[in-house]
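Residues per chain are reported as follows:
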Amino acid sequence: MNSGLSNFFKQLHSSMKKHSPEILTGLGICGMITSTVTAVRATPKALILLDKKKKEEKKEKLKKSEVIKTTWKCYIPSVVTGAISIGCLIGASTVNYKRNAALATAYSLSESALKLYQEKVIETIGEKEEQKVKDAVAKERIDRNPVVSKEVIITEKGNTLCFDTISSRYFKSDVETLRRAENEINRRLYNELYITLNEFYYEIGLTSTKIGDELGWSINSSGPIKLSFSSQLAADDTPCLVVDYETLPKYDFTK
């Protein structure tokens, strides 16, 4: 019985910790609403006190200091609730910031490990064999995302079927168009210092994605964009150009 109760509290603690930003945000919003309601309810009482004070002092109008001194106790619940609500909202923001910072660090470490691994693969098996591995990976990607179950986006920038490995979208383009887009984005990257993934998508005729503004390249950290291509056959035996990124877009690329 005690063991079951202990496990229950452990799971409850773990769940609350996991969802603490959502819980704190919800408490903050509820607190703000409560603060507003209590302030509204306190106003009639405050007005009565002000009228009483005017009669006692035989004045038509009180000074600001007198108004505050007469009514401040009425608004104590509203002020306390508002302060707690602000604390909850700040707490939620702090937790999210720490989690995002940890995620960015983990992402950076994984990226460094992947880059080192790729370099060692090339060093061990050679560039030709490494390209065979890339082609096999590209083939696996389009097999997992068959074109027959996907929309093919017509960009009016080429007639070759292409597959983007990040967004898993099929679209029509060609190598020349993609290379021109790569060069244009790199030109802008040197001038503007950083570029989002969505800006690259716009350049090749694709619409934005949800993570497209959160991922990008920085000339100071990632360096210029470098695309890689693999020619494969899609599920319907149509020749397909798989578009991959040797320089992957990063989170926190503006920092």
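Here the structure is shown first, and the text comes after it.
Residues numbered from 1 in each chain as written. Predicted model: local features only at pLDDT ≥ 70, side-chain atom pairs only at ≥ 80, totals over all residues. Heavy atoms only, no water.

Undergrad: Describe in detail the pattern of salt bridges, supporting the description with residues and values.
TA: Counted under the stated rule, the structure contains eight salt bridges. When the shortest N-O distance is used, the salt bridge between Arg144 and Glu140 registers 2.9 Å. With Arg144 and Glu140 both in helix H5 (residues 127–144), this residue pair falls four residues apart, about one helical turn. Overall, the relative accessible area of 65% leaves Arg144 in the exposed class. Judged by relative accessible area, Glu140 falls into the partly exposed class, the value being 38%. Between Arg188 and Glu192 there is a salt bridge, with the nearest N and O atoms lying 3.2 Å from each other. A residue pair is termed a helical-turn pair when its members lie 3 or 4 positions apart in one helix, as Arg188 and Glu192 do in helix H6 (residues 175–192) at four residues. (Salt bridge = Lys/Arg side-chain N within 4 Å of Asp/Glu carboxyl O. Helix = DSSP H or I, 4+ residues; strand = E, 2+ residues; numbered from the N terminus. Buried < 20%, exposed > 50% of the residue type's maximum accessible area, 1.4 Å probe, protein only.)

Undergrad: Which residues make up the side chain of Glu182, and what are the values?
TA: Looking at where Glu182 falls in the secondary structure, it is placed in helix H6. Residue classification places Glu182 among the buried positions, given a relative accessible area of 6%. Contacts of Glu182, omitting those with residues within four sequence positions, involve Phe200, Ile225, Lys226 and Leu227. (Contact = heavy atoms within 4.5 Å.)

Undergrad: Go over the nonpolar core with me, naming the residues and quoting the values.
TA: Grouped together as the largest cluster of nonpolar side chains are 22 residues, with contacts concentrated most on Phe171, Leu178, Phe200, Ile204 and Leu227. Only H6, helix H7 (197–203), strand S6 (227–233) and strand S7 (239–245) provide two or more residues apiece to this core. If one sorts the elements of this core by residue count, H6 sits on top with four residues. Beyond its immediate stretch of four places on either side in the chain, Phe200 contacts Ala181, Glu182, Ile185, Trp217, Leu227 and Tyr245. In terms of nonpolar packing, the next biggest core, distinct from the first, is built from nine residues, Ile142, Val147, Phe163 and Ala234 among them. (Core = buried A, V, L, I, M, F, W, Y, C linked by side-chain atoms within 4.5 Å.)

Undergrad: Lay out the sheet that holds strand S3 (residues 169–173) with the relevant residues and their values.
TA: Judged by pairing direction, the sheet is mixed, and its five strands sit side by side in the order S1-S3-S2-S7-S6 without closing on themselves. With partners counted over all chains shown, the strands left at the sheet margins are strand S1 (152–154) and S6, one partner each. Strand-to-strand, the axes of this sheet are offset by a mean angle of 35 degrees, without reference to chain direction. Sheet strands touched by H5: strand S2 (160–164), S3, S6 and S7. Its angle to S6, the strand with the most contacts, is close to 65 degrees. Of the strands in this sheet, S2, S3, S6 and S7 are in contact with H6, which crosses S6 at around 160 degrees. (Pairing = 2+ DSSP bridges. Axes fitted to C-alpha atoms, helices over the stretch in contact; angles between N-to-C directions.)

Undergrad: Quick one: what's the story with a nonpolar patch on the surface, residue by residue and with numbers?
TA: Together, Ile29, Met32, Ile33, Val37, Ile86, Leu89 and Ile90 line one region of the surface with nonpolar side chains, adding up to about 580 Å² of accessible area. Of all elements in the fold, only helix H2 (20–57) and helix H4 (76–125) reach the threshold of two or more residues within the nonpolar patch. No other element matches H2, which puts four residues into the nonpolar patch. Take Ile86: its relative accessible area is 43%, and that puts it in the partly exposed class. (Patch = residues over 30% accessible without salt bridge, like charges linked within 9 Å, V, L, I, M, F, W, Y side chains within 5 Å. Areas by Shrake-Rupley, 256 points an atom, 1.4 Å probe, with all protein chains shown as cover.)

Undergrad: Tell me what's going on with the packing of aromatic side chains, and back it up with residues and numbers.
TA: One pass over the structure, following the stated rule, counts six aromatic pairs. Ring geometry for Phe163 and Tyr170: centres 4.8 Å apart, planes at 50 degrees, overall tilted. Exposure class is identical for Phe163 and Tyr170. Each is buried. Geometrically, the ring pair formed by Phe200 and Trp217 is edge-to-face, given 6.4 Å between the ring centres and 75 degrees between the ring planes. One end of the pair, Phe200, is in helix H7; the other, Trp217, is in strand S5 (residues 216–218), and 17 residues separate them in sequence. Like Phe200, the residue Trp217 is buried in the burial classification. Members of the aromatic cluster, connected to one another through ring pairs, are Phe200, Tyr201, Trp217 and Tyr245. (Phe/Tyr/Trp six-rings, centres within 6.5 Å; stacked < 30°, edge-to-face > 60°.)

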